[in-house]
Amino acid sequence: MCGIVGLAGDFPPDLASAAVSVGVRSILHRGPDEQIQVFLEPGCHLGMTRLAIRDLHRGLYPTTDCAETAFAVFNGEIYNADALSNFLASSRHSLKSATDGEVIPHLYEASGLAGLSQIKGMFALALWDSVHRILVLQRDQVGIKPLYYAHVGTGLAFASEITALERVRSALDPTLTTSLRQEAVEGLTHAMFLPAWQETAFDGVHQVPPGHQLVWSGGGTSLKPTSSAESTEPVAEIKNFEEAVIETRRILKESVARHLVSDVPVSIALSGGIDSSLLAALAVKQGANLDAFTVTFKGDSRSEGSQASAFAASLGIPMHDVELDPRLIAENFEEHVHLYMDLSTLDGGTISTSLMAATMRERGFRVGLFGEGADETFSGYTWFGLASGAYRFLPGRLRQRAWWFANTREFRTHREEIPTATPMSQPLDSLMAQEFGVQLPNHLLVKIDRGTMAHGLEGRVPYLDDYLLDWVRNIPVQFRAPELRFGLLPDASRTKPLLRAAAEPYLGTLLTSTPKKGFMLPLDTIVNFSQERISDLVNSDTSVTRALLPPAALKRLRSTQRWTSMPVHMTWMMWRVLVLESVSSRWRSVH
């Protein structure tokens, strides 16, 4: 796991080298073990910060092919690296180490761009072909790892974080400034994440979409998909629910095994719910030596700490309770603003994830398993019920609006239009595509990446394993869809029927029938403690949200009466205002 930065184009070598160096230094938190900045030749500079996970001493970057004409840096993990290494060895490619990233240039040497499509895992990679003078950027199929880029003249700059990218751009041209797109600010005022496919919240800054390759050559770029939302792998016919459960259980075990491969200790974030508990149980069953970490909040009874501790004890693994004080988070909010600088997600869980990751790192861990992705993969949200019963006859656009309301508690949309998933024959698959195309890469996975990498911890998500996703997408809908209750949307305990059945031998009926809580930050408490700060930010001359807020919100902001109780949608809006204004202020100070 690392951070990457780079630049391709006709720039003076000294200027390009200095710009990439600035970018590398700005993301040292992502890879504290080694910082690499390589000048390959006029036209390309690659930079990287390394968090050593596999082959700690021989895994040197950039990796190169046999002819030393292709050079690669990357961020993430390649889970089929051993199989790819064996394939390459049979084709007379000589690899120098056991680090997974070394397969990248060799695959390119063997099969060109198509070779890179064979990679399965969580990754963002950059490869320079010095013969054809092209830069290749590629991102994993789900978007677990981030990758941003921007055109600078006829050149192209890229980075793992927008802050690093903007430092590279400003080093090349000090007149360039970071400008927020008004449409994005308006969208984030009404939603916890930016529902974009390729755009970001900043003018001129883009992201490589999940499962895509971007190729830069001679000042122009082309973008093409490397994977499909629907698997092309042949899958045996599934005769009944029990058969689907047995095979799902087997593939889950294999996914966990792949995600446990590491030359450094592995930990797990254990919330007490079904998703993370099943990961822990499967890991222990395979002999993993894990420590578990959970988050609780001082003075708040909504966490699952006691349940998580009890389950960890039943597995015989050490448990560490990271108790957070909402008042201190509010009082020291400026310390957490850096987590939101990309303005992709405003999820409060980014802070709790970050503080837990800091404790994991302090305890000597560099890798953590997380349960994100289970709800999207196994239909874990109540609104997946929109694909069942009479709901499946709703027009697709109306179902999409209902999905938007379920995610944001907002009836209205905004000028930042919600990307529409590719129409599919089954409403459930369309809803899943919406989750995978919008919410996961722009919201939940950003939360995990920023929260963990802020402290040099690799967050792994076994429920988003490529092989597992290929399997689940081919299971008949009737085995995956949530069970409706009296024809209405299901309650939380009736979601994820396939996963609950697969987990029961490991967890019993208590955990598999319990609604989840997770590590959700108590936003109501923090907003109440932040009332004066929020009011000051909105009432300042530099406010970016004041003109966008509804009258009810402005009335509260002008009131001197303490905020003791607010509707959920209003609490969420005040939280978003706090983050947006704080990030905007931080960006202004950068310039």
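Scroll up for the structure.
Reading the values: rules and limits
- Residues numbered from 1 in each chain as written.
- Predicted model: local features only at pLDDT ≥ 70, side-chain atom pairs only at ≥ 80, totals over all residues.
- Heavy atoms only, no water.
- Buried < 20%, exposed > 50% of the residue type's maximum accessible area, 1.4 Å probe, protein only.
- Helix = DSSP H or I, 4+ residues; strand = E, 2+ residues; numbered from the N terminus.
- Pairing = 2+ DSSP bridges.
- Right-handed = clockwise from strand over helix to strand, strands pointing away.
- Contact = heavy atoms within 4.5 Å.
- Axes fitted to C-alpha atoms, helices over the stretch in contact; angles between N-to-C directions.
- Core = buried A, V, L, I, M, F, W, Y, C linked by side-chain atoms within 4.5 Å.
- Parallel < 35°, antiparallel > 145°, perpendicular 65-115°, else oblique.
- Left-handed = near helix turned anticlockwise from the far one by under 90°.
- Nonpolar A, V, L, I, M, F, W, Y, C, P; charged D, E, K, R; others polar.
- Phe/Tyr/Trp six-rings, centres within 6.5 Å; stacked < 30°, edge-to-face > 60°.
- Lys NZ or Arg CZ within 6 Å of the ring centre and 35° of its normal.
- Salt bridge = Lys/Arg side-chain N within 4 Å of Asp/Glu carboxyl O.
- Lys, Arg positive; Asp, Glu negative; His and termini not counted.
- Polar contact = N/O pair within 3.5 Å; in protein donor to acceptor, adjacent residues only side chain to side chain.

**Q** I'd love a proper account of the pairing of strand S14 (residues 291-297), names of residues and values included.
**A** Taking burial as the measure, the seven residues of S14 include seven buried ones, the bulk of the element. Burial along S14 is two-sided: the residues Asp291, Phe293, Val295 and Phe297 and Ala292, Thr294 and Thr296 are all buried. Pairing between strand S13 (residues 266-269) and S14: three bridges, direction parallel. Paired with Ile268 across the strands is Ala292, a residue of S14. Taken together, S13, helix H8 (residues 274-285) and S14 constitute a β-α-β crossover, and its handedness is right-handed. Direction of pairing for S14 relative to strand S15 (residues 319-324): parallel, over a ladder of six bridges. Each bridged residue has a counterpart across the sheet, and for Thr294 the counterpart in S15 is Asp321. Taken together, S14, helix H9 (residues 305-315) and S15 form a β-α-β motif whose crossover is right-handed.

**Q** Can you lay out the sheet that holds strand S6 (residues 121-129) for me, pointing to particular residues and giving the numbers?
**A** Read across the sheet, six strands follow the order S4-S5-S6-S7-S11-S12 without closing on themselves; strand pairing throughout is antiparallel. Strand pairing shows two members of the sheet lacking a second neighbour, strand S4 (63-64) and strand S12 (220-225), which therefore form its edges. As paired strands, S6 and strand S7 (residues 134-139) are joined by six bridges and run antiparallel to one another. Its bridge partner being in S7, Ala124 is matched across the sheet by Arg139. Here helix H3 (residues 103-111) sits on the sheet in contact with S4, strand S5 (70-78), S6 and S7, set at roughly 125° to S5.

**Q** So what's going on with the nonpolar core? Residues and values would help.
**A** One finds Met356, Leu464, Ile534, Met574 and Trp575 to be the most contacted residues of the largest nonpolar core, which totals 96 residues. Those residues in contact with Met356 that lie beyond four places of it in its chain are Ala269, Phe293, Thr294, Val295, Val322, Phe370 and Phe519. With 42 residues, the next largest nonpolar core counts Leu107, Ala126, Leu214 and Val215 among its residues.

**Q** Account for the packing of helix H2 (residues 81-90) against H3, naming residues and giving values.
**A** Direction vectors running N to C along H2 and H3 enclose 45°, while the axes themselves pass 10 Å from each other. The orientation of H2 relative to H3 falls into the category oblique. Considering how the two elements wind past one another, H2 and H3 form a crossing that is left-handed. For the pair H2 and H3, the contacting residues are Ala81, Leu84, Ser85, Phe87 and Leu88 in the first and Val103, His106, Leu107 and Ala110 in the second. Across the contact of H2 with H3, the residue classes break down as seven nonpolar, two polar and no charged.

**Q** Provide a residue-level description of the environment of Ala159, including the pertinent values.
**A** Mapped onto the secondary structure, Ala159 falls in strand S9 (residues 155-159). In the structure, Ala159 is positioned 48 residues away from Gln207 in sequence and 9.7 Å away in space, judged by C-alpha atoms.

**Q** Break down the packing of aromatic side chains for me, with residues and values.
**A** On inspection of all chains with the given rule, the structure shows seven aromatic pairs. A centroid spacing of 5.8 Å and a plane angle of 80° characterise the contact between Phe293 and Phe365, whose relative ring orientation is edge-to-face. One end of the pair, Phe293, is in strand S14; the other, Phe365, is in the loop between helix H11 (349-362) and strand S16 (367-369), with 72 residues separating them in the sequence. Note on Phe293: relative accessible area 0%, which makes it buried. With centroids separated by 5.7 Å and ring planes inclined at 85°, the aromatic side chains of Phe333 and Trp575 adopt a geometry described as edge-to-face. Taken together, the positions of Phe333 in the loop between helix H10 (326-331) and H11 and Trp575 in helix H21 (residues 568-590) put the pair 242 residues apart, joining distant regions of the chain. Per residue, the accessibility class of Phe333 equals that of Trp575, and both read buried. Residue placement shows Lys120 over the ring face of Tyr467; its charged tip is 5.2 Å from the ring centre. Sitting over the ring of Phe436, Arg473 keeps its end group 5.0 Å from the ring centre.

**Q** Hey, could you go over the pattern of salt bridges for me, with residue numbers and the actual values?
**A** In total, this model carries 22 salt bridges according to the counting rule given. Among the salt bridges present, the one from Arg586 reaches Glu334, with a minimum N-O distance of 2.8 Å. Residue Arg586 is found in helix H21, and its partner Glu334 is found in the loop between H10 and H11; the two are separated by 252 residues along the sequence. On the basis of relative accessibility, which here comes to 23%, the residue Arg586 falls in the partly exposed class. Arg460 is the partner of Glu458 in a salt bridge, and the nearest nitrogen-oxygen pair spans 2.5 Å. Accessibility assignment for this pair places Glu458 and Arg460 in one class, buried.

**Q** Describe the environment of Leu328, and please don't skip the residues or the numbers.
**A** Locating Leu328 in the fold gives a position in helix H10. With relative accessibility at 44%, the residue Leu328 sits in the partly exposed group. Sequence separation between Leu328 and Ile526 is 198 residues; the distance between their C-alpha atoms is 8.9 Å.

**Q** Residues and numbers for the side chain of Asp140, please.
**A** Within the secondary structure, Asp140 is located in the loop between S7 and strand S8 (148-152). Buried Asp140, no salt bridge; nearest opposite-charge side chain is Arg139, N-O distance 5.6 Å. For Asp140, the side chain forms a polar contact with the main-chain nitrogen of Ile144, separated by 2.9 Å. Within the local environment of Asp140, its side chain forms a polar contact with the backbone nitrogen of Lys145, the two atoms lying 3.2 Å apart. Not counting chain neighbours up to four residues away, the residues in contact with Asp140 comprise Gly121, Met122, Phe123, Lys145, Pro210 and Gly211.

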